[in-house]
Structure formats: structure tokens, C-alpha cells
Amino acid sequence: MQIKILGSGCKRCVALAENAQAAVAHLGRSDEVVKVTDIAAIARAGVMSTPGLAFDDQVVSTGRVLTAEEIAGLLRARN
């Protein structure tokens, strides 16, 4: 699965990316964490409040920095 962090690269976006990577590592998964900083691509995804989190192009969170535990829960629910 591809996990996308949608945002400009601000502190909150960086924190969300770190938490996503921690969640993937904790679960022993090999998901790819990708940062999307292009404003047009973020808008096309429907994210109006950053940071956004998407799994395989499906947005699952916007405007919040989820904890690693919250992200791990979302990943578990997807399988």
C-alpha cells in the first residue's frame, strides 16, 4: 500500500510523516510513505486542510496530526 502525506512540508506535515513511518515499522509492514507537496495535487485529492493522510489515494484524515497508534489502527482496519 502507498501511504501519502499531503501537505506543504510544514512541521505538522513532517510530524504526520514520521508518525506514519513509525506505524508502518511497528506493524512490520513494508508500505511506502510518500510526501505530496504539490498544491494542485493536494487540492485534486480533496484536501482543503493540511496535513492530509491517504491510503492508496483514499483520503482518511485531513487537518490533524494523527499519532502513530491512530495510524496503525487505520492500517489494521484496512486489512
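Everything discussed here concerns the structure shown above.
In this report, the structure presented in the accompanying data block is examined. (Residues numbered from 1 in each chain as written. Predicted model: local features only at pLDDT ≥ 70, side-chain atom pairs only at ≥ 80, totals over all residues. Heavy atoms only, no water.)

In this model, helix α1 (residues 11-27) (17 residues) spans 24 Å end to end at C-alpha, consistent with the 24 Å of a helix rising 1.5 Å per residue. For α1, the full list of buried residues reads Cys 13, Leu 16, Ala 17, Ala 20, Ala 23 and Val 24. For α1, the buried positions fall inside an angular range of 125° around the axis, keeping them on one side. Those residues of α1 that are exposed and aimed more than 90 degrees away from the buried face are Lys 11, Glu 18, Ala 25 and His 26. Where α1 is buried, its residues contact β1 (2-6), β2 (32-36), β3 (52-55) and α3 (68-78). (Helix = DSSP H or I, 4+ residues; strand = E, 2+ residues; numbered from the N terminus. Expected span 1.5 Å × (residues − 1). Buried < 20%, exposed > 50% of the residue type's maximum accessible area, 1.4 Å probe, protein only. Arc of directions from axis to C-beta. Contact = heavy atoms within 4.5 Å.)

So, on to the pattern of salt bridges. A pair can form between side chains of opposite charge whenever their charged atoms are brought close. Scanning the entire structure with this criterion turns up three salt bridges. For Asp 57, the salt bridge is made with Lys 4, and the minimal N-O distance between the two is 2.5 Å. Here Asp 57, found in the loop between β3 and β4 (58-62), pairs with Lys 4, found in strand β1; they are 53 residues apart in sequence, far enough to count as distant. A salt bridge links Arg 64 to Glu 70, with the shortest nitrogen-to-oxygen separation between them at 3.0 Å. (Salt bridge = Lys/Arg side-chain N within 4 Å of Asp/Glu carboxyl O.)

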